[in-house]
2 protein chains.
Amino acid sequence: MKSEILAALRSADGYVSGQELCERFEVSRTAIWKAINQLKQAGYEIEAVQNKGYHMVSSPDLLSQIELESVRKTSWIGEEIHYFDTTDSTNTRAKKLAEEGSAHGTLVVADEQTGGRGRRGRDWESQKGISVYMSFVLKPEIEPGNASTLTLITALAVAEGIEKTTGLDCQIKWPNDVVVNGKKICGILTEMSTQIDYINYIVIGIGINVHNESFPEELGKIATSLYLESGKKQNRAKIIEAVLEAFEKYYEIYLETQDMQNLIEPYNDKLANMKNQVRVLDPKEPYEGRAMGITPKGELIVDTWEARKLVSSGEVSVRGLYGYT
Amino acid sequence: MKSEILAALRSADGYVSGQELCERFEVSRTAIWKAINQLKQAGYEIEAVQNKGYHMVSSPDLLSQIELESVRKTSWIGEEIHYFDTTDSTNTRAKKLAEEGSAHGTLVVADEQTGGRGRRGRDWESQKGISVYMSFVLKPEIEPGNASTLTLITALAVAEGIEKTTGLDCQIKWPNDVVVNGKKICGILTEMSTQIDYINYIVIGIGINVHNESFPEELGKIATSLYLESGKKQNRAKIIEAVLEAFEKYYEIYLETQDMQNLIEPYNDKLANMKNQVRVLDPKEPYEGRAMGITPKGELIVDTWEARKLVSSGEVSVRGLYGYT
């Protein structure tokens, strides 16, 4: 009930009367009063004015099961939410849940990760209360070979979710780095359990730097946080909600073709490398050219003097030649 | 020490003296005598003749940690062996071990599975003491897209391992069904945990029907066992060893090109469909043609009247038109 009360207070234009809440949840005034008090103790600033009712003055950036449930507007992501004050890694947790049969859309969020993981087994710094650490389970009926573009779609959803919540302008560095003013704000780790021609499940992990006030010197050159860019303390639950809502939208479009066919335009719109000179670090022979957007398969189109080349995601790294990208 | 004593008795041409065993393992006569007694209690028929020593008369088909260690001749598969009298599923167990950091080559064998799994979530009948249920972990540095042919290589290794141990003639129904006299003797379930361009691990599960004396009516038309085909009770540990030894050999060859390039010939030699008419159940439009072997990518080449077609593993099912395949 607490998450529903929170949602009611949030969406209310002014005050919500105690009577209204009693009727909606079919409980006593005392039950409402108790729930409100617990919410206040948890850090929500709720004003009670006689003859008017309750009013939410401010909501702390407090991740909890209740908070996540109360902000949820998605249709199928987060029907099942697993919130942890601390866990090893939300991806590891989501993979275990998926193995044990958890449904498509199951969401895992943590306030702290003790073993956060980045790509290729790298560590992912995951301090308590600072950032977004979330993962969700997908169980799509698609060919395993068509799953790799989901990571591009996730980047698109993260960019849109952040823009909507913070007003910051986000770009994407192909294939899936979300950057603000040229610095990385988000990491995406897509993991997949498959049979040869069948997907058991996919877990998409998203880490977004939110409250970080600084980064170690080397990292500071390439990484940033929403606080550093916006100068404001953002609300993580709202960011999570906005990202997931955007993901659901793009995912539906993706499913129609199982590739980026109908998402090339929104993706290219955000592509930091678009029409810029890039250096493709092909292990065989590095080369330079002009990035011209993506193909339906999610490859990066690079025009060199000699030919049009298609860069597959994978071991090839693409660097911007000029500017910060 | 017991597995080493077993291995010594097995490889001996005649008797092995107690003194010899004492010296080899640097233990007392009594220790050897105790170990031999324990092996006898476990079901190994070991003869002790004064002034001659010990001699293994017969070895039961008894799966155990010791038995598996004693028959092992592979170089890296089975350096770590996890044997279970009973477990849910050797693939599930191997996946958990891989998640927890178990090494490339880790082997899981069970005498019984309570939740044996086939492809696409189907059940896999796994009675106690009847068949081979084994899975092993691979952690190769290859592109996820190159992993699918590993299932063809596994079929090749199973066919060779069974032939070597039982003398039965095995064929392969593309892509990975091993058949004896046209009936299926083995199931292979390859599962993979990946990041987009990086393999966390692969688990290959192999189930071989060994002692089954009959199958339920419908299944009996398509399935068989080594007992039904050879009329003999085979030794499962030896079959496991032979399959893994063959797998190691073919895996090394696979790694050179990360595809079937150098294995087309041995694979086609065993291909039941080779040069036969087949019906390709393409979901768009089924068609018929003559199977002409595989490509380096593991696709099946099918010549129709109009054109040469390449059938990818996956949702397409291929049926023999004449005969039992």
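That block above? That's the structure.
Residues numbered from 1 in each chain as written. Chains lettered and ligands numbered in written order. Predicted model: local features only at pLDDT ≥ 70, side-chain atom pairs only at ≥ 80, totals over all residues. Heavy atoms only, no water.

Caption draft 1: Here's a closer look at the overall build of chain A. On a plain count of helices and strands, chain A comes out with 10 helices and 14 strands. What you see for chain A is a C-alpha radius of gyration of 22 Å, in line with the 20 Å of a compact globule of 325 residues. If one aligns the C-alpha atoms of chain A with their principal axes, the spans along those axes are about 75 × 45 × 35 Å. Classification of the 325 residues of chain A by burial places 51% in the buried group. Partitioning the contacts of chain A with sequence separation of at least 6, the portion at a separation of at least 24 is 62%. In the form shown here, chain A has an accessible surface area of approximately 15100 Å², with 46% of it arising from carbon and sulfur atoms. Across chain A, the centroid of the 37 positively charged side chains sits 3 Å from that of the 47 negatively charged ones. (Helix = DSSP H or I, 4+ residues; strand = E, 2+ residues; numbered from the N terminus. Rg over C-alpha atoms; globule rule 2.2 N^0.38 Å. Buried < 20%, exposed > 50% of the residue type's maximum accessible area, 1.4 Å probe, protein only. Contact = heavy atoms within 4.5 Å. Areas by Shrake-Rupley, 256 points an atom, 1.4 Å probe, with all protein chains shown as cover. Lys, Arg positive; Asp, Glu negative; His and termini not counted. Charge placed at Lys NZ, Arg CZ, Asp CG, Glu CD.)

Caption draft 2: The arrangement of the relation of the copies chain A and chain B in detail. Relative to chain B, chain A is turned by 180° and slid 0.0 Å along the rotation axis, the superposed coordinates differing by an RMSD of 0.1 Å. Here the symmetry operator amounts to a two-fold rotation axis. Relative to the rotation axis, the closest C-alpha in chain A is found at serine 193 of chain A, a distance of 2.2 Å. When the interface residues of chain A are mapped onto chain B, 96% of them are again interface residues, pointing to one common binding face. (Least-squares fit on C-alpha atoms with pLDDT ≥ 70 in both.)

Caption draft 3: Region of interest: the environment of isoleucine 301 of chain B. Residue and element names in this part refer to chain B. Within the secondary structure, isoleucine 301 is located in strand β12 (residues 300–303). Each C-alpha atom, one on isoleucine 301 and one on valine 132, is 32 Å from the other, the two residues being 169 residues apart in sequence. Apart from residues no more than four positions distant in its own chain, isoleucine 301 is found in contact with Arg290, Ala291, Met292, Gly293, Ile294, Thr295, Arg308, Lys309 and Leu310.

Caption draft 4: Representation of the interface of chain A and chain B in the model. Taken together, the 23 residues of chain A in the interface contact 22 residues of chain B. Interface area for chain A against chain B, summed over the two sides, is near 2000 Å², with a carbon-plus-sulfur share of 43%. Linking chain A with chain B are two salt bridges. For the salt bridge of lysine 95 of chain B with glutamate 99 of chain A, the shortest nitrogen-to-oxygen distance reads 3.4 Å. Counting across the chain A and chain B interface gives six residue pairs in polar contact (both at pLDDT 80 or more). Broken down by secondary-structure element, the contributors of at least two residues to the side of chain A that touches chain B are α5 (90–99), β8 (183–195) and β9 (198–208) of chain A. Per-element tally for the side of chain A that touches chain B: the top contributor is β8 of chain A, with seven residues. Across the side of chain A that touches chain B, the residue classes break down as five nonpolar, 11 polar and seven charged. Relative to strand β8 (residues 183–195) of chain B, β8 of chain A runs antiparallel, the two sharing five bridges. Note that in β8 of chain B the partner of methionine 192 of chain A across the bridge is threonine 194 of chain B. (Buried area = accessible area lost by both parts, 1.4 Å probe. Salt bridge = Lys/Arg side-chain N within 4 Å of Asp/Glu carboxyl O. Polar contact = N/O pair within 3.5 Å; in protein donor to acceptor, adjacent residues only side chain to side chain. Nonpolar A, V, L, I, M, F, W, Y, C, P; charged D, E, K, R; others polar. Pairing = 2+ DSSP bridges.)

Caption draft 5: How the structure looks around the packing of helix α1 (residues 2–11) of chain A against helix α2 (residues 18–25) of chain A. Residue and element names in this part refer to chain A. Across the interface, α1 lies against α2 with an axial gap of 12 Å and an inter-helix angle of 135°. Here α2 runs oblique to α1, going by the angle between their axes. Between α1 and α2 the crossing geometry is right-handed. Counting all contacts with α1, which are made through Glu4, Ile5 and Ala8, the residues of α2 involved are Leu21, Arg24 and Phe25. Across the contact of α1 with α2, the residue classes tally to four nonpolar, no polar and two charged. (Axes fitted to C-alpha atoms, helices over the stretch in contact; angles between N-to-C directions. Parallel < 35°, antiparallel > 145°, perpendicular 65-115°, else oblique. Left-handed = near helix turned anticlockwise from the far one by under 90°.)

Caption draft 6: Structural view of the side chain of serine 225 of chain A. Residues and elements named next belong to chain A. Within the secondary structure, serine 225 sits in the loop between α7 (217–220) and α8 (226–230). Take serine 225: its relative accessible area is 0%, and that puts it in the buried class. For serine 225, the residues in contact, after removing those within four places along its chain, are Ile185, Asn209, Val210, His211, Asn212 and Phe215.

Caption draft 7: Main features of unusual backbone geometry. Residue and element names in this part refer to chain A. In this structure, the amide linkage connecting tryptophan 174 to the following residue, proline 175, adopts the cis form with an omega of 0°. Counting through the fold element by element, proline 175 comes out in the loop between β6 (170–173) and β7 (177–180). Even without being a glycine, glutamate 26 presents a positive backbone phi close to 55°. Mapping glutamate 26 onto the fold places it in the loop between α2 and α3 (29–42).

Caption draft 8: Summary view of the sheet that holds strand β13 (residues 308–311) of chain B. Residues and elements named next belong to chain B. Read across the open sheet, the five strands follow the order β13-β12-β11-β10-β14; overall the sheet is antiparallel. Each having just a single partner strand, β13 and β14 (317–320) make up the two edges of the open sheet. Going from strand to strand, the sheet's axes swing by 45° on average, the running direction of each strand aside. The sheet contact formed by strand β10 (residues 277–281) and strand β11 (residues 287–294) spans four bridges and is antiparallel. Counterpart to valine 280 in the pairing with β11 is tyrosine 287.

Caption draft 9: Expanded view of the sheet that holds strand β12 (residues 300–303) of chain A. Residues and elements named next belong to chain A. Pairing in this open sheet of five strands is antiparallel, and the strands run β13-β12-β11-β10-β14 from one edge to the other. Taken across any chain shown, the strands that pair with only one partner, and hence form the sheet edges, are β13 (308–311) and β14 (317–320). In this sheet, adjacent strand axes meet at a mean angle of 45° when their direction is disregarded.

Caption draft 10: Just helix α3 (residues 29–42) of chain B, in detail. Residues and elements named next belong to chain B. Look at α3: 20 Å from first C-alpha to last across 14 residues, which is about the 20 Å you get at 1.5 Å a residue. The complete set of buried residues in α3 reads Ile32, Ala35, Ile36 and Leu39. Down the axis of α3, the buried side of the element spans an arc of 100°, and every buried residue falls inside it. Across α3 from its buried face, at more than 90 degrees, point the exposed residues Lys34 and Gln41. Buried residues along α3 sit against α1 (2–11), α2 (18–25), β1 (45–49), β2 (53–58) and α4 (65–71). At the C-terminal side of α3, glycine 43 shows a positive phi close to 120°. (Expected span 1.5 Å × (residues − 1). Arc of directions from axis to C-beta.)

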